[in-house]
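Chain by chain, the residues run as shown.
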Amino acid sequence: RYEPTWGSLDARPLPAWFDEAKFGVFIHWGVFSVPSFGSEWFWWYWQKEKREPYVKFMEANYPPGFSYEDFGPLFTAEFFDPNQWADILKASGAKYVVLTSKHHEGFTLWGSKYSWNWNAVDVGPKRDLVAELAASVRNRTDLHFGLYHSLFEWFNPLFLEDATNVFKTRKFPTSKSLPELYEIVTKYQPEIIWSDGNGNAPDTYWNSTGFLAWLYNDSPVRDTVVTNDRWGVGSMCTHGGFFTCSDRYNPGHLLPHKWENCMTIDRRSWGYRRDAQLSDYLTIEDLVKQLVETVSCGGNLLMNIGPTHDGRVAVIFEERLRQMGAWLEVNGEAIYGTKPWRAQNDSVTPEVWYTFSPKEGTVNAVFLNWPVSGILELGEPEAKLGETQVKLAGYKELLKWVALGEKGLIIALPQLTPKQLPCQWGWTLQLTAVK
């Protein structure tokens, strides 16, 4: 059994499914999807920081005295079709999904008995959005279902009172945050608890180790659940299951501990923005590059979309997800279930990243630029004459190659028209019998 200490909890082995999955989809959805302006931090930027664009937006579009709470009934979700969402998630090639069950605004997407009249069953959709998505994901896909949960809430009076007392009192975690965590685990049995928002309070205030000990010892998901590292000041990149370290974390080198790069297709916001421009969205080339770099350095990619207040996955997000799925259909063997190789990227040709498939004993070299010459030079692999074979994923015939001294090889790529290419946006060479 695990003790409620970091020493004991950090010794728990991470369930193997998470490292094998490599790719997940993050969904930021809540009352902030109603103004869908600027950022999911809308309430904070408007009311607390009083940032000019937010103040002006409200003055121009809403009557005087309109409060953030008034957005609640406008979060309607009338087009939310959990089956359609599940089908898009499946088509993306993702192996897990993480939904924001509650963001820093405190609004819960389930009918929490600890969030009276500020939840999706009492206000707005009048539906248990967490239950509906969980059911569809589990019935229609093989994705693991996870939940994001914010520890703190910007404007909750109990939290503000505890903060004023320099967290010497613990009214908020005992009456709100912790009961909610126990509630979502017991009710929805998520396989990921993605914690966030420590409110500048230590993990002792949140009793994070106490909750995690219960989660790992006695909860219904004790054997399969994975957690992140956001459990109080100082825990990030140090304690918990996998490390996130910071948003959009992509170190570009191998890390000794399992980590995740959580990033978002809209580079300016996690929640949906009606005012987003096309140039604000990462291209599929950008996303494939992020995935390949992340996986080769031992990480998972958690790619975020922000649905609309009425429950739609905007077509730009759907397109990116389906493109990723099409790419993984061809190149998935270089991603799923792989381990980092001895070199993460190539020493001679830029934009070439390596992974290793332990079952097949294959080294995968994913190259993001197709060379004009049709010749690709790799500086890292050590080939053996008569033994090494080079294959292009999605192409039948073996490729010709010559060794470059002790280390490295030159590969002749097939001469293909754009239509004959197995995929776009990056290609995988599978090398067998290399050192």
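From a predicted model like this one, the values you see are computed outputs, not experimental measurements.

If you walk through the whole model with that rule in mind, you get 55 aromatic pairs. Centre to centre, the rings of phenylalanine 26 and tryptophan 270 are 5.9 Å apart; their planes meet at 80 degrees, and the pair counts as edge-to-face. Residue phenylalanine 26 is located in strand S1 (residues 23-27), and its partner tryptophan 270 is located in the loop between strand S6 (259-264) and helix H11 (284-296); the two are separated by 244 residues in the primary sequence. In this structure, phenylalanine 26 and tryptophan 270 share a single accessibility class: buried. For the pair phenylalanine 75 and phenylalanine 107, a centre-to-centre distance of 5.8 Å together with 85 degrees between the ring planes defines the contact as edge-to-face.

Segmentation of the chain into domains returns domain 1 (6-334) and domain 2 (339-432). For domain 1 versus domain 2, the separation of C-alpha centres amounts to 36 Å. With 19 residues of domain 1 in contact, the opposing surface of domain 2 contributes 21 residues. Here domain 1 and domain 2 share an interface that buries about 1,700 Å² over both sides, 64% of which is from carbon and sulfur atoms.

All right, on to the UniProt feature "domain: Glycoside hydrolase family 29 N-terminal" (unreviewed entry) in the chain then. Per the UniProt entry, the sites bearing "domain: Glycoside hydrolase family 29 N-terminal" (unreviewed entry) are residues 1-333 in this numbering. The span residues 1-333 carries 36% helix and 12% strand; its end-to-end C-alpha distance comes to 36 Å.

Turning our attention to the sheet that holds strand S11 (residues 389-392). Judged by pairing direction, the sheet is antiparallel, and its seven strands sit side by side in the order S8-S9-S14-S11-S12-S13-S10 without closing on themselves. Strand pairing shows two members of the sheet lacking a second neighbour, strand S8 (352-357) and strand S10 (375-378), which therefore form its edges. Direction aside, neighbouring strands of the sheet carry axes that sit 30 degrees apart on average. Where strand S9 (residues 362-367) lies against strand S14 (residues 427-432), five bridges are found, and the strand directions are antiparallel. Across the sheet, asparagine 364 pairs through a bridge with glutamine 430, a residue of S14.

Here the focus is unusual backbone geometry. Backbone geometry at asparagine 200 places phi at a positive 65 degrees, although glycine is not the residue there. Summarising the element assignment, asparagine 200 is placed in the loop between strand S4 (192-196) and helix H9 (203-206). With phi around 60 degrees, arginine 248 is a residue other than glycine that occupies positive phi space. Residue placement: arginine 248 occurs in the loop between strand S5 (226-227) and S6.

Attention now goes to the nonpolar core. Met324, Trp327, Leu378 and Leu429 are the most contacted members of the largest nonpolar core, which totals 123 residues. Per-domain counts for this core show at least three residues from each of domain 1 (6-334) and domain 2 (339-432). When residues no more than four places from it in sequence are discounted, the contact partners of tryptophan 327 are Val288, Leu291, Val292, Ile335, Val366, Cys423, Gln424, Trp425 and Gly426. Among the nonpolar cores identified, the runner-up in size contains 14 residues, and Trp17, Phe18, Val98 and Trp194 belong to it.

Per the UniProt record, "site: May be important for catalysis" (unreviewed entry) is found at Cys262. Inspection of the secondary structure puts cysteine 262 in strand S6. Given a relative accessible area of 0%, cysteine 262 falls into the buried group. When neighbours within four sequence positions are excluded, cysteine 262 is seen to be in contact with Phe26, Trp194, Arg230, Ser246, Asp247, Arg248, Tyr249, Trp270 and Leu302.

The side chains of a regular strand alternate, residue by residue, between the two faces of the sheet. With five of six residues buried, S8 lies mostly within the body of the structure. Pairing geometry for S8 and S9, over six bridges, is antiparallel. Among the inter-strand pairings, phenylalanine 356 is bridged to a residue of S9, identified as valine 363. Linking S8 back to S9 in an antiparallel pair, the connection comprises four residues, with glycine 361 at a positive phi of about 70 degrees.

Summarising the element assignment, arginine 273 is placed in the loop between S6 and H11. Of the residues examined, arginine 273 reaches a relative accessible area of 5% and is grouped as buried. A polar atom in the side chain of arginine 273 sits 2.8 Å from the side chain of aspartate 266. In contact with arginine 273, other than residues within four places in its own chain, are Ser36, Gly38, Asp266, Arg268, Asp280 and Tyr281.

It is worth spelling out the pattern of salt bridges at this point. This model, assessed by the stated rule, comprises 27 salt bridges. In this structure, lysine 258 and aspartate 19 form a salt bridge, with 2.7 Å as the shortest nitrogen-oxygen distance. Residue lysine 258 is located in the loop between S5 and S6, and its partner aspartate 19 is located in helix H2 (residues 16-21); the two are separated by 239 residues in the primary sequence. Lysine 258 sits in the buried class, given a relative accessible area of 13%. In this structure, the salt-bridge partner of arginine 230 is aspartate 196, at a minimum N-O distance of 3.1 Å. A residue pair is termed long-range when its members are at least 10 positions apart, and arginine 230 in the loop between S5 and S6 and aspartate 196 in strand S4 qualify at 34 residues.

As a further point, take helix H6 (residues 129-140). Across its 12 residues, H6 extends 16 Å between first and last C-alpha, which sits within 8% of the 16 Å expected from 1.5 Å per residue. Every buried residue of H6 is listed here: Leu129, Val130, Leu133, Ala134, Ser136 and Val137. Viewed end-on, H6 has its buried residues packed into an arc of 170 degrees, placing them on one side of the element. The inward-facing, buried residues of H6 contact S1, helix H5 (82-91), strand S2 (96-102), strand S3 (144-150) and helix H8 (171-188). A distance of 3.2 Å separates the backbone nitrogen of valine 130 from a side-chain oxygen at the start of H6, and that oxygen is part of aspartate 128.

Definitions and cut-offs
Residues numbered from 1 in each chain as written. Predicted model: local features only at pLDDT ≥ 70, side-chain atom pairs only at ≥ 80, totals over all residues. Heavy atoms only, no water. Phe/Tyr/Trp six-rings, centres within 6.5 Å; stacked < 30°, edge-to-face > 60°. Helix = DSSP H or I, 4+ residues; strand = E, 2+ residues; numbered from the N terminus. Buried < 20%, exposed > 50% of the residue type's maximum accessible area, 1.4 Å probe, protein only. Domains from an automatic or database assignment. Contact = heavy atoms within 4.5 Å. Buried area = accessible area lost by both parts, 1.4 Å probe. UniProt positions renumbered as here; feature names shortened; annotations may be inferred. Pairing = 2+ DSSP bridges. Axes fitted to C-alpha atoms, helices over the stretch in contact; angles between N-to-C directions. Core = buried A, V, L, I, M, F, W, Y, C linked by side-chain atoms within 4.5 Å. Polar contact = N/O pair within 3.5 Å; in protein donor to acceptor, adjacent residues only side chain to side chain. Salt bridge = Lys/Arg side-chain N within 4 Å of Asp/Glu carboxyl O. Expected span 1.5 Å × (residues − 1). Arc of directions from axis to C-beta.

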